[in-house]
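A closer look at the structure
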Amino acid sequence: MNLAQYPHLRLRRTRSAAWSRALHRETVLTPADLIWPLFAAEGRGVEEPVASLPGVSRWSVDGIAARAKEAVALGIPCIALFPNTPAGRRSDDGAEALNPDNLICRAVRAVRDACGSDVGILTDVALDPYTSHGQDGLVDDAGYVTNDDTVAVLVDQALNQAAAGADIVAPSDMMDGRVRAIRMALEMNGHPNVQIMAYAAKYASAFYGPFRDAVGSGGLLKGDKKSYQMDPANGEEALREVALDIAEGADSVMVKPGLPYLDIVRRVKERFEVPVFAYQVSGEYALIEAGAAAGVGDREALVLETLTAFKRAGCTGVLSYHAPLAARLLGG
Ligand code: PBG
């Protein structure tokens, strides 16, 4: 590149006025880039604030439908639903995940009734909100989360969600081979247009704590998820995970957590040219909220700057608990 030299070149020239900054802006964040994760609770007319996620609540199914309408009004194209399964319905084998009338299926149907196809509904495929041990899969006598037996259950869970009306099923479990198994089952059971967004590069992260409070699995979980979720030290392995999930039939892939892993987003985007999403997870949200409350910076500016960074890194879209705030700030 043949760059002019100072003073012929002054990079500050194009930054000198708002109109010019707008004209030269490389990355534009819009409400359409956002997916809003929502937590469902039993009951009617219930709102339960999640203590470790200030500003985020669990909503009973009627409230979930109302939030979905809010998403539509704000221009947010998709919501992600997670259930806080009542303790009495959690078991070793997570069988409640297969109940066609479980909380998540009722939430999906309520959103569909309220919004038709105006909003995409993403559901999480993993057993942790349903198991009494808080692991994402079936656990053997040695305490190991088994792969192939778990995949068989995840397939049925995904079919259950698809039958309820989910548009995107998102396996967040990190078992090997689950994308292919789910894809084949969707094809064979009349759901050819249900998308799979694979949590392809999901790390064993310390940033998931508030989420586990929200779905009630935190207190149950003994040990960790390191035998299936990825080592935060690894990048090459993330690319292998992504390659596999694409080959197995994922429509889009996800990197999770978000900000500390934007290098992975960029590498995936450059290598594969597939839709890449990132999940700005609960701990990241809580850190921004705590930072803003402590006077570290302006909350709204922190939210828009971090979400813009995801897009600059190459994200097609971002799952964020800040989605409604960001959409409002962006004029949605
Ligand atoms: C469950 C799941 C988790 C998250 C999304 N799906 C937690 C975990 O793997 O323990 C985390 C989301 C967040 O922290 O916001 N498989």
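Residues numbered from 1 in each chain as written. Predicted model: local features only at pLDDT ≥ 70, side-chain atom pairs only at ≥ 80, totals over all residues. Heavy atoms only, no water.

The secondary structure content of the protein chain amounts to 11 helices and 10 strands. The C-alpha atoms of the protein chain give a radius of gyration of 20 Å, which matches the 20 Å a tight globule of 332 residues would have. For the protein chain, the spread of C-alpha atoms along the three principal axes comes to 70 × 45 × 40 Å. Classification of the 332 residues of the protein chain by burial places 54% in the buried group. Contacts in the protein chain between residues far apart in sequence, at least 24 positions, make up 75% of those at least 6 positions apart. For the protein chain, the exposed area adds up to about 14,700 Å²; of that, 52% sits on carbon and sulfur atoms. Averaging the positions of the 33 positive and the 42 negative side-chain charges in the protein chain gives two centres separated by 9 Å. (Helix = DSSP H or I, 4+ residues; strand = E, 2+ residues; numbered from the N terminus. Rg over C-alpha atoms; globule rule 2.2 N^0.38 Å. Buried < 20%, exposed > 50% of the residue type's maximum accessible area, 1.4 Å probe, protein only. Contact = heavy atoms within 4.5 Å. Areas by Shrake-Rupley, 256 points an atom, 1.4 Å probe, with all protein chains shown as cover. Lys, Arg positive; Asp, Glu negative; His and termini not counted. Charge placed at Lys NZ, Arg CZ, Asp CG, Glu CD.)

Topologically, S91 is positioned in the loop between β4 (78-83) and α3 (103-115). Apart from residues lying up to four places away in sequence, S91 is in contact with Y130, T131 and S132. At a separation of 3.4 Å, a polar atom in the side chain of S91 contacts the main-chain amide nitrogen of A95. (Polar contact = N/O pair within 3.5 Å; in protein donor to acceptor, adjacent residues only side chain to side chain.)

The next point concerns helix α9 (residues 282-293). Taking 1.5 Å per residue as the helical rise, α9 with its 12 residues ought to reach 16 Å, and the 16 Å between its terminal C-alpha atoms agrees with that figure. Of all 12 residues in α9, 9 are buried; the element is thus mostly enclosed. Here α9 has its buried residues at S282, G283, E284, Y285, A286, I288, E289, G291 and A292. Next to the buried residues of α9 lie α6 (209-214), β9 (276-280) and α10 (299-313). Looking one or two residues past α9, G295 carries a phi angle of roughly 85°, positive in sign. (Expected span 1.5 Å × (residues − 1).)

Take K225: it is sitting in the loop between α6 and α7 (236-247). A relative accessible area of 5% places K225 in the buried class. Each C-alpha atom of the pair K225 and A204 lies 6.1 Å from the other, and the pair is 21 residues apart in sequence. Ignoring any residue separated from it by four or fewer positions in sequence, one finds K225 in contact with D128, G134, Q135, D136 and R212.

This part is about the site of the ligand. Lining the immediate environment of the ligand, one finds 18 residues, of which K202, K225, K256, S282 and Y321 sit closest. In this structure, Y321 approaches the ligand through a side-chain N or O atom, which is 2.6 Å from an oxygen atom. Burial of the ligand by the surrounding chains reaches 100%, relative to a free accessible area of 400 Å². Taken together, the elements giving at least two residues each to the shell around the ligand come down to β7 (195-202) and α6. Residue classes in the shell around the ligand are distributed as 8 nonpolar, 3 polar and 7 charged. (Near = heavy atom within 4 Å. Nonpolar A, V, L, I, M, F, W, Y, C, P; charged D, E, K, R; others polar.)

Right, let's talk about the side chain of H191 for a bit. Relative to the helices and strands, H191 is located in the loop between α5 (178-188) and β7. According to the relative accessible area criterion, H191 is buried, its value standing at 18%. Excluding residues that lie within four positions of it along the chain, H191 makes contacts with L159, A162, A163 and L186.

Attention now goes to the packing of aromatic side chains. For any pair of aromatic rings, geometry is given as the distance between the ring centres together with the angle between the planes. Under the counting rule described, the total for this entry stands at 9 aromatic pairs. Pairing F39 with Y321 gives two aromatic rings, centres 5.8 Å apart and planes at 15°, and the pair type is stacked. On the criterion of sequence distance, the pair formed by F39 in strand β1 (residues 34-41) and Y321 in the loop between β10 (317-320) and α11 (323-329) is long-range, its members being 282 residues apart. The same class applies to F39 and to Y321, which are both buried. Ring geometry for Y285 versus Y321: centroids 5.9 Å apart, planes at 75°, classification edge-to-face. Here Y285 is found in helix α9, whereas its partner Y321 is found in the loop between β10 and α11, with 36 residues between them in sequence. The same class applies to Y285 and to Y321, which are both buried. In this structure an aromatic cluster arises from ring pairing among F39, F82, Y199, F211, Y279, Y285 and Y321. The positively charged end of K256 is found above the aromatic ring belonging to Y208, 4.6 Å away from the centroid. Looking at K256, its charged tip hangs above the ring of F211, at a distance of 5.9 Å from the centre. (Phe/Tyr/Trp six-rings, centres within 6.5 Å; stacked < 30°, edge-to-face > 60°. Lys NZ or Arg CZ within 6 Å of the ring centre and 35° of its normal.)

Our focus in this paragraph is the nonpolar core. Residues I79, L81 and V169 are the most contacted members of the largest nonpolar core, which totals 81 residues. Ignoring anything within four residues of it in the chain, the contact list for L81 reads L38, I64, I104, A107, V108, I121, L122, T123 and D124. Within the second largest apolar cluster, 24 residues are counted, among which are F39, V50, A214 and V215. (Core = buried A, V, L, I, M, F, W, Y, C linked by side-chain atoms within 4.5 Å.)

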